Amino acid sequence: MNNSLFEKLNEEGHLSAASYGKIRANNKAALFSLHWELTTILYLGVLLLTGGLSVLVYKNIDTIGHQAILLFIALTCAGCFIYCFKKKLPFSTAKVESPNVAFDYVLLLACLLFITFIGYIQFQYNVFGERFGLVTFIPMLVLFFCAYFFDHLGILSLAITNLCAWAGITVAPLEILKANDFNSNTIIITGILLGAGLVCVGVLTRINELKKHFAFTYTNFGMHLLFISTLAAMFTFENIYLLWFVAVLLIAAYFYREALRAKSFYFLLVLTLYLYTGVCFVVLRILFTVIPDIGGLYLACFYFIGSAVVLIRFLIKMNKKLKSA
Amino acid sequence: MIAYNHSSLENLLTRKETEKAYRKGYISEAEKENIYQAYPVSFYTPNIFVRIGLFILTVVIGLFTLGLLGLLFMNQVEDVIGGLTVFFGLLNYAALEFMVKRNHYKSGVDDALTWISGISIVGGLNILTNLSWQTNSIIIFIVSVFLCARFINIAMAGVAGISVIAFIFLSFVRLGEMAKALAPFVVMITSAMLYLFAAMKMKDQNWKHYGNGLVILSIVALISFYAGGNYFVIREISIALFGLRLQNGENIPFAWLFWLLTFLIPVLYIVRGIQIKDVVFLRTGLALTAATILTVRYYYDLLPLETAAVIIGTILITVAYVLIKYLHEPKHGFTYKIEEGPNFDEKLQVESLIIAQTFTQQPKPDDGFQFGGGSGGGAGASGEY
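Residues numbered from 1 in each chain as written. Chains lettered and ligands numbered in written order. Predicted model: local features only at pLDDT ≥ 70, side-chain atom pairs only at ≥ 80, totals over all residues. Heavy atoms only, no water.

**Student:** So what about the overall build of chain B? Which residues, and what values?
**Tutor:** Per the secondary structure count, chain B includes 14 helices and one strand. The buried share of chain B, taken over its 385 residues, is 43%. Considering only contacts in chain B between residues 6 or more positions apart, those separated by 24 or more positions represent 64%. (Helix = DSSP H or I, 4+ residues; strand = E, 2+ residues; numbered from the N terminus. Buried < 20%, exposed > 50% of the residue type's maximum accessible area, 1.4 Å probe, protein only. Contact = heavy atoms within 4.5 Å.)

The following block contains the structure:
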């Protein structure tokens, strides 16, 4: 920190002598934190090791044999879980800190190995037969249990992803448009139900104070899923798209209230952008049905410029409102 | 030179330092409030998410204004599009000056207008006439230096650094065969000078508002210094740009020297970073170590990929684990603890999303997730509160 600046502040009387002394002492003995660097190295190491091992196993499957591999995975997985059970701090419905740095990673490794194990025995021995649902359902239960029992946000995200896979879709927002064929009605409806469910769980989590810090993860997943599904419904079911637009409006209204309550700029931005997409779709559709020639194009340009200006004013106003709230 | 209100900029610096001291718990809330009262800032700078929103919306406005201009000249659009784009860039610049006068500072609006005006002016000139790479780099340099100087845009500082190195490289290699052979060293010398320039100005009180821009500039300089001596870069550029033809088993001149530099520079960066406790050196060195490993792997199949991954992964975990244990109590001025507390929750949220994203995106050839339309993707909203 800038010593001369605080010296000036001290002389102007904005800073007590004690505070100024603290700052000067700190500047002499400033510590250099390597937290970010070391955590990144650790994370990269885990990523490379697990990735490399799984490919290695895959390539040498003829020589190692399935039982040996399964045994190895099971033993490592069990070992990791035993470590976690031994080291963990007592369970609480509030947030529990992890006992040491390695803990989170060991738990992650245990859960990933467990998923691999279940997938492996299904793939190789067809243990669950045609009941594919079970293959995701069992890891999902384990993941949810671990997320709550050991208090791990990353595992919770994995569990929710697994829940969605179980429900027949994947929810990574990056992947959602690539991986899924949104022309299927059932997928859209499933997405909406799942999204609504997740949002509800988020609310219950908050109200019941059961791992309150999990609420954001639920709500975030639910929000993206709800918006993407309803917008997809709007684009797909063309004859009743206005009806779906009303649904988008209602969802946006709900998250507007949530954003105000939680003072969350993030929710505000997300809902604004999704809502804007929906509104633009409706406006352009009507515009080009009414004026299908070049005039429509001009009007569309004016519409985009005008609407963006309006939205900018809205965001600026909301920024003030959330700040002062 | 700076377009923003000067006293507000000054006061903002004071506020930032105060905020830092407050977060570390050295000064009380009352003192902080007191200082904030005494150092008013008239800027409009919204929350980061609002800023992202304003940025996107400003780009939308810009694009459709350009579309509207194009529509107006629809019949002869091919003749006028170049001039139109330059005009559009100037229009954006005027808008930028106007918004800055209205105290927009890092609001998303001024960021977007800076980028749009820079890109449209350079792009428009390119449509108007056929510009060489060399001319382009000097134009980009002038535009980015101006925008950086006037609007303290940190990314523009990086663009300026890249374009000046490109300009010197492109001008130098025109001098003949000898120059081509010496080009790597010219790039390295230019980068070194650029770094020294940034390091010198960082200490200069007159340049204090450009602090972050200078950090970006020094990162660019460090990376291009490495690239100038990197075996892969030199070999591939010699083949692609200078038409070098290598027979089987033949190598580029002075290969040993460039291999040496490829290995040595990241190590030197890391050592230097630890020596002077400099984050820029340290992190750049760590990232470039990965680049060196990739360079080696590109030419030599020493080990199969998966074996290499297992070995490197094990080494990384061990190193990290040992260091974390070692730094449990601060030693030699280093600590494993996070410097400041408050943002911890946010970081945790982001971290969890990254985990879900990367771990589930891995190819898992040995388990059979082939059902229900799901490919086992991960979670990845880019968000926190």
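**Student:** Any details on the overall build of chain A? Residues and values, ideally.
**Tutor:** Tallying secondary structure elements over chain A gives 14 helices and one strand in all. At 26 Å, chain A has a C-alpha radius of gyration far larger than the 20 Å of a compact globule built from 325 residues. Residues counted as buried form 49% of the 325 residues belonging to chain A. Within chain A, contacts between residues at least 6 apart in sequence are counted, and of these 65% link residues at least 24 apart. On chain A, roughly 15,300 Å² of surface is accessible, and the fraction owed to carbon and sulfur atoms is 69%. Of the side chains in chain A, 23 bear a positive and 15 a negative charge, and the two mean positions are spaced by 9 Å. (Rg over C-alpha atoms; globule rule 2.2 N^0.38 Å. Areas by Shrake-Rupley, 256 points an atom, 1.4 Å probe, with all protein chains shown as cover. Lys, Arg positive; Asp, Glu negative; His and termini not counted. Charge placed at Lys NZ, Arg CZ, Asp CG, Glu CD.)

**Student:** Tell me about helix H8 (residues 153–166) of chain A, residues and numbers included.
**Tutor:** Under the 1.5 Å per step criterion, the end-to-end length of H8 of chain A is 20 Å for 14 residues, consistent within 8% with the ideal 20 Å. Here H8 of chain A lies mainly inside the structure; 13 of its 14 residues are buried. (Expected span 1.5 Å × (residues − 1).)

**Student:** A description of the packing of aromatic side chains should follow, citing residues and the corresponding values.
**Tutor:** Counted under the stated rule, the structure contains 37 aromatic pairs over all chains. When the centroid spacing of 4.4 Å and the interplanar angle of 20 degrees are considered together, the rings of Phe43 of chain B and Tyr105 of chain B count as stacked. One end of the pair, Phe43 of chain B, is in the loop between helix H2 (29–38) and helix H3 (48–72); the other, Tyr105 of chain B, is in the loop between helix H4 (77–101) and helix H5 (109–128), with 62 residues separating them in the sequence. By relative accessible area, Phe43 of chain B is classed as buried at 11%. Residue Tyr105 of chain B is classed as buried on the basis of its relative accessible area, which comes to 7%. Taking the ring centre of Phe149 of chain A as reference, the NZ or CZ of Lys88 of chain A above it sits at 4.3 Å. The positively charged end of Arg285 of chain A is found above the aromatic ring belonging to Tyr241 of chain A, 4.6 Å away from the centroid. (Phe/Tyr/Trp six-rings, centres within 6.5 Å; stacked < 30°, edge-to-face > 60°. Lys NZ or Arg CZ within 6 Å of the ring centre and 35° of its normal.)

**Student:** Provide a residue-level description of the environment of Ser8 of chain B, including the pertinent values.
**Tutor:** Residue and element names in this part refer to chain B. Following the sequence through the fold, Ser8 ends up in helix H1 (residues 6–23). Taking relative accessible area as the criterion, Ser8 reaches 3% and is therefore assigned buried. Residues Ser8 and Met202, 194 residues apart in the sequence, show an inter-C-alpha distance of 20 Å. Apart from residues no more than four positions distant in its own chain, Ser8 is found in contact with Pro40, Val41, Ser42 and Phe43.

**Student:** Describe the pattern of salt bridges, naming the residues involved and giving the relevant values.
**Tutor:** Within this structure, the stated rule accounts for eight salt bridges over all chains. A salt bridge links Glu258 of chain A to Arg261 of chain A, with the shortest nitrogen-to-oxygen separation between them at 3.2 Å. One end of the pair is Glu258 of chain A and the other is Arg261 of chain A, both in helix H12 (residues 241–262) and three residues apart, which spans about a single turn. The shortest N-O distance in the salt bridge between Arg150 of chain B and Glu97 of chain B comes to 2.5 Å. Linking Arg150 of chain B in helix H6 (residues 133–151) with Glu97 of chain B in helix H4, this pair joins segments that are 53 residues apart in sequence. Glu97 of chain B carries the same exposure label as Arg150 of chain B, and that label is buried. By sharing partners, the salt bridges in this structure join Arg206, Glu258 and Arg261 of chain A into a single network. (Salt bridge = Lys/Arg side-chain N within 4 Å of Asp/Glu carboxyl O.)

**Student:** Describe the nonpolar core, listing the residues and the values that go with them.
**Tutor:** Ranked by internal contacts, the top residues of the largest apolar core, which has 103 residues, are Phe227, Met234, Phe255 and Tyr276 of chain A together with Tyr4 of chain B. Here the element with the most residues in this core is helix H13 (residues 265–290) of chain A; it accounts for 11 residues. Not counting the four nearest positions on each side in its chain, Met234 of chain A is found in contact with Tyr241, Trp244, Phe245, Val248, Gly278, Phe281 and Val282 of chain A. Membership of the second largest hydrophobic core comes to 44 residues, among which are Val57, Leu107, Met140 and Phe221 of chain A. (Core = buried A, V, L, I, M, F, W, Y, C linked by side-chain atoms within 4.5 Å.)

**Student:** Pulling in residues and values, what's your account of the packing of H12 of chain A against helix H14 (residues 294–324) of chain A?
**Tutor:** Each pair of packed helices can be described by the angle between their axes along with the distance between the axes. All names here are of chain A. Two elements in contact, H12 and H14, have axes separated by 10 Å at closest approach and are oriented at 40 degrees. Here H14 runs oblique to H12, going by the angle between their axes. Two packed elements cross with a definite hand, and for H12 against H14 that hand is right-handed. Contacts between H12 and H14 involve Tyr256, Ala259 and Leu260 from the former and Phe314, Met318, Lys321 and Leu322 from the latter. Class assignment for the residues of the contact of H12 with H14 results in six nonpolar, no polar and one charged. (Axes fitted to C-alpha atoms, helices over the stretch in contact; angles between N-to-C directions. Parallel < 35°, antiparallel > 145°, perpendicular 65-115°, else oblique. Left-handed = near helix turned anticlockwise from the far one by under 90°. Nonpolar A, V, L, I, M, F, W, Y, C, P; charged D, E, K, R; others polar.)

**Student:** Describe the confidence of the model for chain B, with residues and values.
**Tutor:** Residue and element names in this part refer to chain B. Mean pLDDT over chain B stands at 81; residues scoring 70 or higher make up 87%. Within the model, pLDDT remains below 50 along residues 341–348, and this stretch shows eight contacts once partners closer than five positions in the same chain are excluded. Note that pLDDT drops below 50 for residues 360–385; the model gives that stretch 78 contacts with residues more than four away or on any other chain. Interface confidence for the predicted complex, given as ipTM, is 0.80, next to a pTM of 0.80. (pLDDT = per-residue confidence, 0-100.)

**Student:** Go over the environment of Lys337 of chain B with me, naming the residues and quoting the values.
**Tutor:** With respect to the helices and strands, the residue Lys337 of chain B is situated in the loop between strand E1 (334–335) and helix H14 (344–361). Residues Lys337 of chain B and Leu327 of chain B, 10 residues apart in the sequence, show an inter-C-alpha distance of 8.6 Å. Every residue in contact with Lys337 of chain B, bar those within four places of it in the chain, is listed here: Ser33 and His35 of chain A together with His328 of chain B.

**Student:** So what's going on with the confidence of the model for chain A? Residues and values would help.
**Tutor:** On average, residues of chain A carry a pLDDT of 82, and 91% of them reach 70 or more. Of the regions scoring below 50 in pLDDT, residues 170–174 of chain A engages in 22 contacts with residues more than four places distant in sequence or in other chains.

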